[in-house]
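Observations on the three-dimensional arrangement
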Amino acid sequence: MAARGHVQDPNDRRLRPIYDYLDNGNNKMAIQQADKLLKKHKDLHCAKVLKAIGLQRTGKQDEAFSLAQEVATLEPTDDNSLQALTILYREMHHPELVTKLYEAAVKKVPLSEEYHSHLFMAYARVGEYKKMQQAGMALYKIVPKNPYYFWSVMSLVMQAISAQDEKLAQTMFLPLAERMVEKMVKEEKIEAEAEVQLYFMILERLGKCVEALDVVRGPLGEKLTSELRSRENKCMMMYQRLQLWPECNALSYKLLLKNPDDWQFYLSYFDSLFHLMDKSWSQPEEGEHCVEGPVQTTVAEAVKFVVDRMEEQDKKESRPLRGPYLACLELIHRLRQRGCPDEKELGDPLELMVQFFGKFGDKPCCITDLKIYLHLLPPEQRSQFKKRLGELVPLGEAGEDGFGFPGDTKALQRHLCVCQLSRALGLQHALDTEGKLRLITELKAHYHHGLQFGKNSSTPISLSLALTTTMWANMLWQCLSVLEEGLSFSPSNAQFKLLLLLLFCRLGAFQPVVDLYSSLDAKHVQHDTIGYLLTRYAGSLGQFAAASQSCNFSLRFFHSNQKDTSEYIIQAYKYGAFEKIPEFIAFRTRLNQSLHFAQVRTERMLLDLYTEADVTLSLEESVKAMGVCPEEDDIPWDNMRDNRDLTVLVSWDPKDRELTEEHRRLSLEEESVWLKVRSLTLRLLASLALLGHAPSPRNSDKTNENGISAKSSTLQTLLSQLDQTLETAVQITEKQTQVHTLIYLTKGCYCPYGSLLFPHADLCPSLPSSLSPLRPEMLSRCKGEVLEMKDGRLTTRPSLLETLVFFVETVCVVLWVASYSASVLRPLKSSLQKKKKKKKDSSSAMPVVLCGFQEWTGSLQGVVTQALDHVKGQEASLTALKLAALTLEEGYSQTQEECGFTRAAMDKVQSSYLGSLQELGDLLRKRADSLKSLKI
Amino acid sequence: MTTLRAFTFNFDICYNNYGIPFYLQYLAHWPEYFIVAEAPGGELMGYIMGKAEGSVAREEWHGHVTALSVAPEFRRLGLAAKLMEMLEEISERKGGFFVDLFVRVSNQVAVNMYKQLGYSVYRTVIEYYSASNGEPDEDAYDMRKALSRDTERKSIIPIPHPVRPEDIE
């Protein structure tokens, strides 16, 4: 943990046991030991801080914080205390306090290299670039070491990168950074490679490409040795920026001769070639040759170059490289784009692709390679292409079912590749229903046959293919059965799991999804990129406990990212990896602004409120503990990053069926609107919770009364925003055919808050005449069977579950409103009673408000009882459903085994529905209990 | 056919076995030792990650392969060999005496591949790998290949007795 080098220091010896306890996670003992030590040595500040760390780690944040502040105000200068405080503040997510600590320390010990350096790092942790620049220079003045000087330079670059105003970056920060480096260059003080890299970075950002090139090609460039091809890569980058096509072309050519498999240089070679042709560039007179060597300017030269590379590979005895063959297809593609007839020189794309398949068809990458160039085939050649490929797949004699099978893994891989290609060519989509069904049978047979070559090899792909085919036929249950069967053979196949997960979600059965997701073993950044698969459905299907757990998976990742990344930014400064610093920061920002992060954050808090608030803690306490502030919107709407990996499910579909940018845009729009609905709901609940209570300390200048009206105006603003957002949501559902189910539901089920809360905002002093009851149609929307057996068919209506969840959420909200109303009415009633006693006028009736309220709570009670009956009824009919009696759909014959898998899937759905209903019922009962406390 | 480029820290990191801090640590310290290979369609084919460490005075300064990973679809194309070659070249330039790596003794495919690339078993490290529950899981081979600086190839003379993880540097 902290530096413990100086064993001689008696304090170190005394503190050591506490460090050891903390390191071993024995926080209680650490606290005890610290207390013991503090009795003897009152002034051993570090012991206090270590105790605070122990307290922090046992959840006593407040105590830990005040203890730490006790030490911090003394402005300690001993290393142990400073380091321990640094650790503590980082764990408390208060890195900004570390800067204060070291600011005080360097004031007291102005010549300490160590403390200045810690101060620099503390600023780096919180991104105080300006102060970093100064701290770096201060360090350099104390100890003139180059790294310190360049820390300061890099801090200027960071000021430029983070500047809102690009002009400021270009005219102030970067030029200043440039001058600082130039000074060192002039004084011949440049030492390290990192310093040259930083110089290059600055020039590049300034757009001074010529100067940057000079640096790379000059003596300073000789220091660029660590990274392979560092100088070449940097030159290439500058040639492209400067549009120096002859140099670009010659360098690409040179690099390709060295490594004919490096794809990026084929691209730059072709790009530069065509630029040169367009400019009718011609070789200059002798003596003025391009610094990078010979330049190629004609199609003929390019064709010859590519053909030569292919021949080179053909002659090789060892494994041929794919690069040249694909470069040939790429060149045809480019020539065709330009309408250049010379493509014939390279050959017929069909023949070339068949040859490519002959060479690489047994490699799994063959499909991803060829897929890019399928468009070179005219539609009428597609079937022929498939036929030609088929001839290159050695299959055994056809059996009774008419299918021949591959005899080894290589043949199997070839067969798979043909299947994938014929799908990508749209040939499978063109089949009629009968053809598709036969294809499914064939692919399944291939899958079963292929299992002998390895359960987790690529064989299951054929099954996936079969499946997606199945989907067209809308045979959801059979799909599930095939997948369950596949998973039983290939238990670690992620594609099976993903497909299953999606299907179960579509069916509204969340229970099996949790296990599937956790067996995917999603790691780190995947919590952001594929976490949406899980969390999107969790809460809305009534599995509150699982939903909460799922959100936690993701949240834990996001929270640790913030802390971790900062530490490595510091490391990057230490090791001079300046190029990585902006990358790390961009990565951190990308995660912090993630749509998914905002979603799980919001859903998690809503879930906690709906399931826990007013059960263990009051609504107000819960809201305060979460730190939700109704006035503050913490979601970066304008910079939201959509990090979802929407292609996690492998697809071999033809191009016209692939996911487009437009799909992604629409999906993001929906998700954002839905998030807005939810986050406004959360803030509304927060504002309801804080209504009528003493204003928070930060508003303490306002009077109590003003505080309340300010809050109710927040409430009104939020309500109108929610109304608008719901309106937008409705528009989306009308505009699009395929929408997020949840958005769809907003249409009728998610709009009661406006009418419910609004009248209550101005509750004092008189209650509005119309208290909106829970509208009866809300419950009636939930009526119907989620799972039903009709004519031997099993049908599901998962939207009923989602509607029911919204209904229960609404009940929660209404009850909170009621409880607020009750708290307002109670004093009113007691003052009336006092008056009554004085006047002894027994004839005066109860005021209308009070009667109204009682009537209202009565009707509420009624609706909740009805809802509970409904849930009970659903549970009963679900339990009574005997799936075993079911005969499966016709038109698709299943073996007995397959039927078993279908039944198993059905059972999972049934039990998941039951689970959802039970959780919903439990929550309703909990809420019904709180009705009793509403008596006034 | 592959695009080989320096690793830029972004969402490429999807296919990983390690936590983000682990990658950040390497990128902050040895960015040149982190190379990715990309297919023409943009798919991540594989990556190699390593570092340079050890005392020059004791002739132990060397390149180390921390992770080498090739996506299943891009295996059997010679990509791993290419990436290893690049790491060796970087280590050559840094004046390393050898390159080393650890591999599970049971991973015969990998051991054979490294042997083909010129590596030999230098020593066995007992219970180098542990299972997710922290229990010792398996031994590792420490495999080495001498670089040109080690003219007498002293660095790769095998140590006959197995060592424990705490005894290696």
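Residues numbered from 1 in each chain as written. Chains lettered and ligands numbered in written order. Predicted model: local features only at pLDDT ≥ 70, side-chain atom pairs only at ≥ 80, totals over all residues. Heavy atoms only, no water.

Operational definition: UniProt positions are given in the numbering used here, feature names are shortened, and annotations may be inferred rather than shown by experiment.
Taking an unreviewed UniProt entry as the reference, chain B is identified by name as N-alpha-acetyltransferase 20 belonging to Oncorhynchus tshawytscha. UniProt annotates chain B under Subunit (unreviewed entry) with the comment "Component of the N-terminal acetyltransferase B (NatB) complex which is composed of NAA20 and NAA25."

Going by the annotation in an unreviewed UniProt entry, the name recorded for chain A is N-alpha-acetyltransferase 25, NatB auxiliary subunit, with Oncorhynchus tshawytscha given as the source organism. According to the UniProt record, the Sequence similarities (unreviewed entry) comment for chain A is "Belongs to the MDM20/NAA25 family." Here chain A is described in UniProt, under the heading Subcellular location (unreviewed entry), as follows: "Cytoplasm".

Observations regarding the overall build of chain A
Quick reminder of the rule: Secondary structure elements are taken from DSSP: a helix is a run of H or I of four residues or more, a strand is a run of E of two residues or more, and numbering for both begins at the N terminus. Note on exposure labels: buried denotes an accessible area under 20% of the residue type's maximum, exposed denotes more than 50%, and partly exposed covers the range between, all computed with a 1.4 Å probe on protein chains only. Any two residues whose heavy atoms approach within 4.5 Å are treated as being in contact. With residues, only the protein chains shown are counted as cover, and all accessible areas are computed by Shrake-Rupley using a 1.4 Å probe.
For chain A, the count of helices and strands is 40 helices and two strands. In chain A, buried positions account for 53% of the 936 residues. When contacts within chain A are restricted to residue pairs at least 6 apart in sequence, those whose partners lie at least 24 apart make up 70%. Taken as a whole, chain A presents about 42400 Å² of accessible surface, with 51% of it coming from carbon and sulfur.

Brief notes about the overall build of chain B
Applicable threshold: Only C-alpha atoms enter the radius of gyration, while the globule expectation follows 2.2 Å times N to the 0.38, with N the number of residues.
A tally of regular secondary structure across chain B gives three helices and seven strands. Written out in order from the N terminus, the α and β elements of chain B read β-α-β-β-β-α-β-α-β-β. Taking 15 Å as the expected radius of gyration for a compact globule of 169 residues, we find that chain B reaches 16 Å, a close match to that expectation. For chain B, the spread of C-alpha atoms along the three principal axes comes to 45 × 40 × 30 Å.

Quick word on the pattern of salt bridges
All names here are of chain A. Rules: Think of a salt bridge as a Lys or Arg side-chain nitrogen and an Asp or Glu carboxyl oxygen that are within 4 Å of each other.
By the definition in use, this model includes 50 salt bridges over all chains. Residue Glu 204 pairs with Arg 241 through a salt bridge whose shortest N-O separation is 3.5 Å. Pair noted here: Glu 204 is in helix H11 (residues 193–205) and Arg 241 is in helix H13 (residues 230–242), with a separation of 37 residues, a long-range link. A salt bridge links Asp 262 to Arg 229; its shortest N-O distance comes to 3.1 Å. Here Asp 262, found in the loop between helix H14 (245–258) and helix H15 (263–278), pairs with Arg 229, found in the loop between helix H12 (209–217) and H13; they are 33 residues apart in sequence, far enough to count as distant. The residues Asp 262 and Arg 229 share a single accessibility class, namely buried. Shared partners join several salt bridges into a network, and the residues in it are Asp 642, Arg 644, Arg 664 and Glu 671.

Structural notes on the confidence of the model for chain A
All names here are of chain A. Cut-off, in case you're wondering: Values of pLDDT, the confidence the predictor places in each residue, fall between 0 and 100.
Considering every residue of chain A, the mean pLDDT works out to 84; 87% of them sit at 70 or more. Here residues 1–7 scores under 50 on pLDDT; set against residues more than four positions off or in separate chains, the count is 17 contacts. Low pLDDT (under 50) marks residues 694–707, which in the prediction has eight contacts with non-local residues, meaning those over four places away or in another chain.

Notes on the packing of helix H31 (residues 595–612) of chain A against helix H40 (residues 896–931) of chain A
All names here are of chain A. This is how it is decided: All axes here are fitted lines through C-alpha atoms, helices being fitted over the stretch that makes contact, and every angle between N-to-C directions spans 0 to 180 degrees. Our angle categories are set so that under 35 degrees counts as roughly parallel, over 145 as roughly antiparallel, 65 to 115 as roughly perpendicular, and the remainder as oblique. Three classes are used, and their members are as follows: Ala, Val, Leu, Ile, Met, Phe, Trp, Tyr, Cys and Pro are nonpolar, Asp, Glu, Lys and Arg are charged, and the others, Gly among them, are polar.
Between H31 and H40, the shortest axis-to-axis distance is 9 Å and the interhelical angle comes to 60°. Of the possible angle classes, the one that applies to H31 and H40 is oblique. Residue-level inspection shows Leu 609, Tyr 610, Thr 611 and Glu 612 of H31 in contact with H40, the latter providing Leu 923, Lys 926 and Arg 927. Partitioning the contact of H31 with H40 into residue classes produces three nonpolar, one polar and three charged.

A few points about the interface of chain A and chain B
For clarity, the cut-off: By convention, the term buried area covers the 1.4 Å-probe accessible surface removed from two parts as they join, with the contributions of both added.
Of the residues lining the interface, 43 residues belong to chain A; the matching set on chain B comes to 42 residues. Surface buried jointly by chain A and chain B totals about 3800 Å² across both partners, of which 64% is contributed by carbon and sulfur atoms. At the level of elements, H15, helix H17 (323–337), helix H19 (366–371), helix H27 (526–529), helix H29 (544–575) and helix H30 (580–592) of chain A are the ones that each hand at least two residues to the side of chain A that touches chain B. Per-element accounting of the side of chain A that touches chain B gives the leading share, seven residues, to H29(A). A class-by-class count of the residues in the side of chain A that touches chain B yields 15 nonpolar, twelve polar and 16 charged.

Regarding the nonpolar core
General note: in soluble globular proteins, nonpolar side chains tend to be found buried as a group. Residue and element names in this part refer to chain A. Stated precisely, the cut-off is as follows: Residues enter a nonpolar core if they are buried and are Ala, Val, Leu, Ile, Met, Phe, Trp, Tyr or Cys, with the set joined through side-chain atoms within 4.5 Å.
Grouped together as the largest cluster of nonpolar side chains are 205 residues, with contacts concentrated most on Phe 385, Tyr 573 and Phe 578. The leading source of residues in this core is helix H9 (residues 146–162), at ten residues. Leave out the neighbours within four places in its chain, and Tyr 573 touches Phe 120, Met 121, Ala 124, Met 132, Trp 151, Met 154, Met 158, Phe 578 and Ile 581. Leu 534, Leu 607, Val 808 and Phe 853 belong to the second-largest nonpolar core, a separate cluster that totals 76 residues.

Quick word on the packing of aromatic side chains
Residue and element names in this part refer to chain A. Counted only if it meets this: For Phe, Tyr and Trp, where Trp contributes only its six-membered ring, two rings pair if their centres lie within 6.5 Å, and the inter-plane angle classes them as stacked under 30 degrees, edge-to-face over 60, or tilted in between.
Using the criterion set out here, one finds 29 aromatic pairs over all chains in the structure. For the pair Tyr 269 and Phe 305, a centre-to-centre distance of 4.9 Å together with 45° between the ring planes defines the contact as tilted. Of the two residues, Tyr 269 is situated in helix H15 and Phe 305 in helix H16 (residues 299–315); the sequence distance between them amounts to 36 residues. The pair Tyr 269 / Phe 305 is uniform in exposure class, with both members buried. Through pairs of rings, three or more aromatic residues link up here, namely Tyr 253, Trp 263, Tyr 266, Tyr 269, Phe 270 and Phe 305.

Some points on unusual backbone geometry
Backbone geometry places Gln243(A), a non-glycine residue, at a positive phi of 55°. The exposure class of Gln243(A) is partly exposed, given its relative accessible area of 47%.

Digging into the side chain of Ser272(A)
Looking at the element boundaries, Ser272(A) is found in helix H15. Residues in contact with Ser272(A), not counting those within four places in the same chain, are Trp245(A), Cys248(A) and Asn249(A).

Re the pairing of strand E5 (residues 98–104) of chain B
Residues and elements named next belong to chain B. What counts, and what does not: A pair of strands is treated as paired once DSSP finds two or more bridges between them. Crossovers are marked right-handed if the path from the first strand over the helix to the second runs clockwise, as seen with the strands pointing away from the viewer.
A large share of E5 lies buried, amounting to six of its seven residues. Note: strand E4 (residues 62–70) against E5, four bridges, orientation parallel. Bridged to Gly 63 within E5 is Val 99. Considered for its hand, the β-α-β crossover made up of E4, helix H2 (residues 79–93) and E5 is right-handed.

Details of the environment of Gln549(A)
Tracing the sequence through the fold places Gln549(A) in helix H29. Note on Gln549(A): relative accessible area 40%, which makes it partly exposed.

Let's talk about helix H10 (residues 166–186) of chain A
All names here are of chain A. Our working rule: Here a helix's expected span is defined as the number of its residues, less one, multiplied by 1.5 Å. Residues adjacent in sequence count toward polar contacts only when both atoms are side-chain atoms; beyond that, a polar contact is any pair of N or O atoms within 3.5 Å, and within protein one must be able to donate a hydrogen and the other to accept it.
Its 21 residues place the ends of H10 28 Å apart at the C-alpha level, agreeing with the 30 Å of an ideal helix rising 1.5 Å per residue. By the burial criterion, the buried members of H10 are Ala 169, Phe 173, Leu 174, Pro 175, Ala 177, Glu 178, Met 180, Val 181 and Met 184. Of the surrounding secondary structure, the elements contacted by the buried residues of H10 are helix H8 (129–142), H9 and H11. Here H10 starts with a cap whose side-chain oxygen sits 3.0 Å from the backbone nitrogen of Lys 167, and that cap is Asp 165. Looking at the residues trailing H10, positive phi occurs at Glu 188, about 55°.

Section: the confidence of the model for chain B
All names here are of chain B. Per-chain confidence: chain B averages 89 in pLDDT, with 91% of residues scoring 70 or above. Residue range residues 10–15 is modelled with pLDDT below 50. Its contacts to residues more than four positions away, or to other chains, number 19 contacts. Across the assembled chains, the prediction reports ipTM 0.90 with pTM 0.86.

Regarding the environment of Ser81(A)
Structurally, Ser81(A) is set in helix H5 (residues 79–91). Since its relative accessible area comes to 0%, Ser81(A) is described here as buried.

Points about the side chain of Glu485(A)
All names here are of chain A. To keep it simple, the criterion reads: Only four residue types enter the charge count: Lys and Arg as positive, Asp and Glu as negative, with His and the chain ends excluded.
Tracing the chain through its elements places Glu 485 in helix H24 (residues 476–489). The buried charged residue Glu 485 lacks any salt bridge partner; its closest oppositely charged side chain belongs to Lys 444, at an N-O distance of 5.1 Å. With sequence-adjacent residues up to four places away left out, Glu 485 is seen in contact with His 448, Glu 898 and Phe 901.

Section: the environment of Arg590(A)
All names here are of chain A. Looking at the element boundaries, Arg 590 is found in helix H30. When its relative accessible area of 22% is taken as the criterion, Arg 590 is described as partly exposed. With 50 residues separating them in the primary sequence, Arg 590 and Met 640 have C-alpha atoms 8.5 Å apart.

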